[in-house]
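Residue strings, one per chain:
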Amino acid sequence: MVGIVLVSHTPKIAEGTLELIKQMTGEKVIMEIAAGTCDNRLGTDPVLIGEKIRKADTGDGVIVIVDLGSSIMSTEVAIESLEEPTRSRAAIADAPFIEGAIAAAMEASFGKGLQDVKNAAENTRGMKKIA
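This section reports on the structure supplied with the text. (Residues numbered from 1 in each chain as written. Predicted model: local features only at pLDDT ≥ 70, side-chain atom pairs only at ≥ 80, totals over all residues. Heavy atoms only, no water.)

1. A short note on the environment of Gly61
- Within the secondary structure, Gly61 sits in the loop between α2 (46-56) and β3 (62-66).
- On the basis of relative accessible area, Gly61 is assigned to the buried category, the value being 0%.
- Once the C-alpha coordinates of Gly61 and Gly113 are considered, the two residues, 52 residues apart in sequence, prove to be 8.2 Å apart.
- With residues up to four places along the chain from it excluded, the contact list for Gly61 reads Met1, Val2, Gly3, Arg89 and Leu114. (Helix = DSSP H or I, 4+ residues; strand = E, 2+ residues; numbered from the N terminus. Buried < 20%, exposed > 50% of the residue type's maximum accessible area, 1.4 Å probe, protein only. Contact = heavy atoms within 4.5 Å.)

Structure representation (C-alpha cells):
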C-alpha cells in the first residue's frame, strides 16, 4: 500500500487532517506526520521528514503532502538524503493540503499505485467548493 506523509509547519494542522482522514478511511492507510521542528517551534525538519518517509514506505512508495513554502524545500532535502530504492519511491504531491491528503488517502485505501495516488491528490487543485 502507498504510504502518505503529512508535512506541516504545525502539528495541530497535520493532526487535525489525519483525524479527518481516519474518520473516512479508518486505519487502512499508512500515514505519518512530520510537523514542527525538533525543538517544538513552527517549521519543518528534513531529518524528521526523512524518518517518516522511511517509516511509511512498505515498498509501494510514499506520497508527501506539504502545507506551504519551506515545507517543500525541507521535503526535497529529505528525499534527496534518502537511499535507494526509497528515494525513487517518494514523491511530493503538488496539491492543497487537506483536500489533497483526503484524495490521496482515499485512493491509497483502495490499493491504488503511487502515480494514481499522486494524481488523485493533484487533481484537487482548482477544485470548486461552491457550484
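2. Some details on the nonpolar core
- Ranked by internal contacts, the top residues of the largest apolar core, which has 23 residues, are Ile4, Leu6, Met31, Ile63 and Ile65.
- Taken together, the elements giving at least two residues each to this core come down to β1 (3-8), α1 (11-25), β2 (31-35), β3, β4 (90-93), α4 (97-109) and α5 (114-122).
- In terms of residues, this core owes the most to one element, α4, which gives six residues.
- In this structure, Ile4 is in contact with Val29, Ile30, Met31, Glu32, Ala56, Val62, Ile63, Ile65, Ala104, Ala105 and Ala108, ignoring residues within four places of it in sequence.
- Counting 13 residues, the second largest nonpolar core, distinct from the first, contains Ile49, Ile53, Ala78 and Ala90. (Core = buried A, V, L, I, M, F, W, Y, C linked by side-chain atoms within 4.5 Å.)

3. Examining the packing of α4 against α5
- Between α4 and α5, whose axes approach to 7 Å, the crossing angle comes to 150 degrees. Considering their axes alone, α4 and α5 lie roughly antiparallel with respect to each other. Read as a crossing pair, α4 and α5 show a hand that is right-handed. Residues Gly100, Ala103, Ala104, Glu107 and Ala108 of α4 pack against Asp116, Val117, Ala120 and Ala121 of α5. (Axes fitted to C-alpha atoms, helices over the stretch in contact; angles between N-to-C directions. Parallel < 35°, antiparallel > 145°, perpendicular 65-115°, else oblique. Left-handed = near helix turned anticlockwise from the far one by under 90°.)

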